[in-house]
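Report on the structure
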Amino acid sequence: MTLLSPHSLDPQGKDADRLATIAIVGRGFTGIMTAIALFKGIDRPFHLIMFDPRPKIDVGEGVNHAVATVLNSRVRDLSIDPTRRDDFQSWLEADRDWHDGLPANSAGLEHSFVPERVFGSYVYKRFAEALMARPDVVVQFLPETVTAVDRLPQTGFSIFFGNDQRKHFDVVFLATGYGLRDSLEKPTIPAGAQSGVVIGGGVKAVGQALSLLKDGKVPHINLISESGFLPQSHAQAAVGSAATGEPIPRTLRGAFRYLRDAARRADAEGSGWQGIMNGFRLQARELWEELRPDERARFKRHVKAVYDSHRHRLPPDDYRHLHQAIESGAITLRKGRVERIASNGVLISASQGFEVLQADFTVDCRLPSSSNDSSLIRSVVACGLAKRDELELGLVTDECGRTIAAHRSVPGLFAMGLLALGSVADIDLVPQIVSQSHAAAASLNEWIGNVTNAVQAISV
């Protein structure tokens with residue numbers, strides 16, 4: 001392992017003649033997981049540069065969770081070692097400081113939900129171990145925002161960043177999720193605040209609202225969900241994938257009628273709808289590929305919100321606290337679209353028309369569209385290196401994360417994690433990101449040797 005300062009190496013100089021150059025854009029969980037997979041899956045030396053404007057590694061970013069509270073995945077689903085499903089649990093059991101500080105769970109440790117900082121410590125530890133095991137790999141961290149990626153005339157890519165700077169790479173991994181920020185935004189709560197607004201209907205928004213109430217920073221929250229839906233609950237103990245034995249219809253209407261009926265029967269039998277949903281999700285990509293364009297558009301308009309509310313679930317305790325807060329009036333759920341955010345509240349449009357919600361502060365927990373708001377994503381689409389998926393969630397990829405443009409994969413360019421959400425089912429969850437990262441590293445291992453030889457031949 002060789003660690004370099006941000007300005008100590010020029011990858012277009014002598015080192016480029018010896019080592020394949022790989023860039024990872026983004027240093028949240030997806031970027032770090034990709035790096036771990038490369039350390040373990042590439043069997044030759046390489047030079048890795050990781051770009052991110054933030055000065056520290058933040059492995060919580062890019063994984064759906066409640067901000068600064070509890071991850072919405074169980075201990076059993078958070079291993080970053082695809083060969084050891086119990087790796088995270090074993091790490092927790094070996095570290096008494098973390099293990100003893102966790103709330104008791106009658107179902108056992110593997111079924112528990114842990115704070116983000118605990119998972120972050122585990123991932124960073126495994127990253128450091130994987131890095132130390134590769135003394136032949138040169139690693140550099142650049143605290144810069146990547147603004148564009150372009151194709152080089154012969155082979156490889158140019159990355160543009162900072163103040164009109166540019167570097168060349170053989171391989172680029174985009175792991176920006178929904179964009180890179182210079183710092184994580186934290187709400188400023190004025191002293192004596194009586195009411196606040198939290199915008200968003202997902203796990204992140206619910207976690208923020210519950211955290212504000214729990215900390216006693218405000219007695220009342222208006223929680224604005226554009227769809228009116230909120231996340232459902234995990235089962236108390238983990239459930240696997242359940243199937244009815246009946247084939248899933250290959251139309252949107254038929255598939256979701258099947259899902260509703262199967263979930264209703266499972267609830268009546270006491271097994272719970274979560275297992276049915278898990279089984280349905282395993283076939284989601286195949287079903288999606290068979291839907292007509294008009295059905296995909298209808299899914300985005302009418303089905304996606306309720307589907308996501310059952311796909312992204314709250315820990316049972318958080319779900320109970322949420323509905324207790326709604327019943328007590330501490331949280332008021334409002335359905336509507338936010339039209340404007342002002343210093344003293346928000347303007348929303350609802351079914352009855354426009355409404356002004358007065359508030360002492362506002363916290364916006366909506367996830368911006370990566371494909372629309374990022375100059376980086378616009379650049380790779382504009383130069384023909386990728387295309388957007390039909391739901392405008394990110395980029396079209398194969399299961400390994402390789403971008404697809406003009407019906408062909410683009411060698412050497414990968415869109416990882418959340419950026420592939422419109423193409424790969426559940427790719428915003430830890431197990432799927434782990435699998436994708438290792439699949440990408442495996443697919444790259446043989447190909448990167450050919451790329452390196454081609455670059456050297458061109459330079460002779």
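So, here's what we can say about the structure. Remember, predicted model here, so these are calculated numbers, not experimental data.

The subject of this paragraph is the overall build of the protein. Counting its regular elements, the protein contains 13 helices and 19 strands. Every one of the 460 residues in the protein was classed for burial, and the buried ones make up 52%. Taking contacts inside the protein between residues at least 6 apart in sequence as the whole, the part at least 24 apart equals 71%. Accessible area for the protein stands at about 21,100 Å²; split by element, carbon and sulfur atoms hold 50% of it.

Moving on, we come to empty space enclosed by the protein. Under the definition given, this model contains one cavity of 30 Å³ or more. Estimated volume of the largest cavity: approximately 350 Å³. Lining the largest cavity are 22 residues; nearest its centre among them are Ala 284, Trp 288, Phe 299, Tyr 307 and Ala 425. Those elements giving two or more residues to the lining of the largest cavity turn out to be helix H6 (252–269), helix H7 (273–282), helix H8 (284–290) and helix H9 (293–311). At five residues, H9 tops the list of elements feeding residues into the lining of the largest cavity.

Attention now moves to helix H1 (residues 29–41). Every α-helix carries 3.6 residues per turn, so stepping three or four residues along brings you back to the same face. Its 13 residues give H1 an end-to-end C-alpha distance of 18 Å, which sits within 8% of 18 Å, the value for a rise of 1.5 Å per residue. Counting buried positions along H1 gives 11 out of 13 residues, so the element sits mostly inside the fold. Taken together, the buried positions of H1 are Phe 29, Thr 30, Gly 31, Ile 32, Met 33, Thr 34, Ala 35, Ile 36, Ala 37, Leu 38 and Phe 39.

It is worth spelling out the sheet that holds strand E8 (residues 157–161) at this point. As summarised here, the arrangement of the three strands in space is E7-E8-E9, forming an open sheet in which the pairing is antiparallel. Both edges of this open sheet fall to strand E7 (146–151) and strand E9 (165–169), since each of them pairs with a single strand only. Averaged over all neighbouring strand pairs, the angle between strand axes comes to 25°, with direction disregarded. Inspection of the sheet shows E7 paired to E8 by five bridges, in the antiparallel sense. The partner of Val 149 across the bridge, within E8, is Ile 159.

Within this structure, the stated rule accounts for 21 salt bridges. Here Asp 136 makes a salt bridge to Arg 134, at a shortest N to O gap of 2.9 Å. Overall, the relative accessible area of 30% leaves Asp 136 in the partly exposed class. Residue classification places Arg 134 among the buried residues on the basis of a relative accessible area of 10%. In this structure, the salt-bridge partner of Arg 311 is Asp 308, at a minimum N-O distance of 3.4 Å.

What follows concerns the packing of H1 against helix H4 (residues 116–132). The geometry of H1 relative to H4 is characterised by a closest axis approach of 9 Å and an angle of 30° between their N-to-C directions. By the angle between their axes, H1 is roughly parallel relative to H4. In the packing of H1 onto H4, the handedness of the crossing is left-handed. Counted together, Phe 29, Ile 32, Ala 35, Ile 36, Phe 39 and Lys 40 of H1 and Phe 119, Val 123, Arg 126, Phe 127, Ala 130 and Leu 131 of H4 form the full contact between these two elements.

This part is about the sheet that holds strand E14 (residues 337–342). Whenever strands of a sheet pair, they do so through backbone hydrogen bonds, lying parallel or antiparallel. Pairing is antiparallel in the open sheet, where three strands are placed in the order E14-E15-E16. Only two strands of the sheet have a single neighbouring strand rather than two, namely E14 and strand E16 (353–358). Recorded for the sheet is a direction-independent mean angle of 20° between the axes of neighbouring strands. Two strands pair when backbone bridges link them, and E14 and strand E15 (residues 345–350) are joined in this way by five bridges, in the antiparallel orientation. Of the residues in E15, the one forming a bridge with Arg 340 is Leu 347.

Moving on, we get to the side chain of Asp 389. Relative to the helices and strands, Asp 389 is located in the loop between helix H12 (375–382) and strand E18 (402–405). Buried and unpaired, Asp 389 has no salt bridge, with Lys 300 as the nearest side chain of opposite charge at 7.1 Å. In terms of polar contacts, Asp 389 uses its side chain to reach the backbone amide nitrogen of Gly 394, at 2.7 Å. What Asp 389 contacts, discounting residues up to four positions off in sequence, is Gly 394, Leu 395, Val 396 and Gly 422.

Rules and cut-offs
- Residues numbered from 1 in each chain as written.
- Predicted model: local features only at pLDDT ≥ 70, side-chain atom pairs only at ≥ 80, totals over all residues.
- Heavy atoms only, no water.
- Helix = DSSP H or I, 4+ residues; strand = E, 2+ residues; numbered from the N terminus.
- Buried < 20%, exposed > 50% of the residue type's maximum accessible area, 1.4 Å probe, protein only.
- Contact = heavy atoms within 4.5 Å.
- Areas by Shrake-Rupley, 256 points an atom, 1.4 Å probe, with all protein chains shown as cover.
- 1 Å grid on protein atoms, 1.4 Å probe; cavity = no way out; pocket = protein on both sides within 12 Å on 5 of 7 lines; lining within 4 Å.
- Points joined across faces, edges and corners; volume = space filled by probe spheres on them.
- Expected span 1.5 Å × (residues − 1).
- Pairing = 2+ DSSP bridges.
- Axes fitted to C-alpha atoms, helices over the stretch in contact; angles between N-to-C directions.
- Salt bridge = Lys/Arg side-chain N within 4 Å of Asp/Glu carboxyl O.
- Parallel < 35°, antiparallel > 145°, perpendicular 65-115°, else oblique.
- Left-handed = near helix turned anticlockwise from the far one by under 90°.
- Lys, Arg positive; Asp, Glu negative; His and termini not counted.
- Polar contact = N/O pair within 3.5 Å; in protein donor to acceptor, adjacent residues only side chain to side chain.

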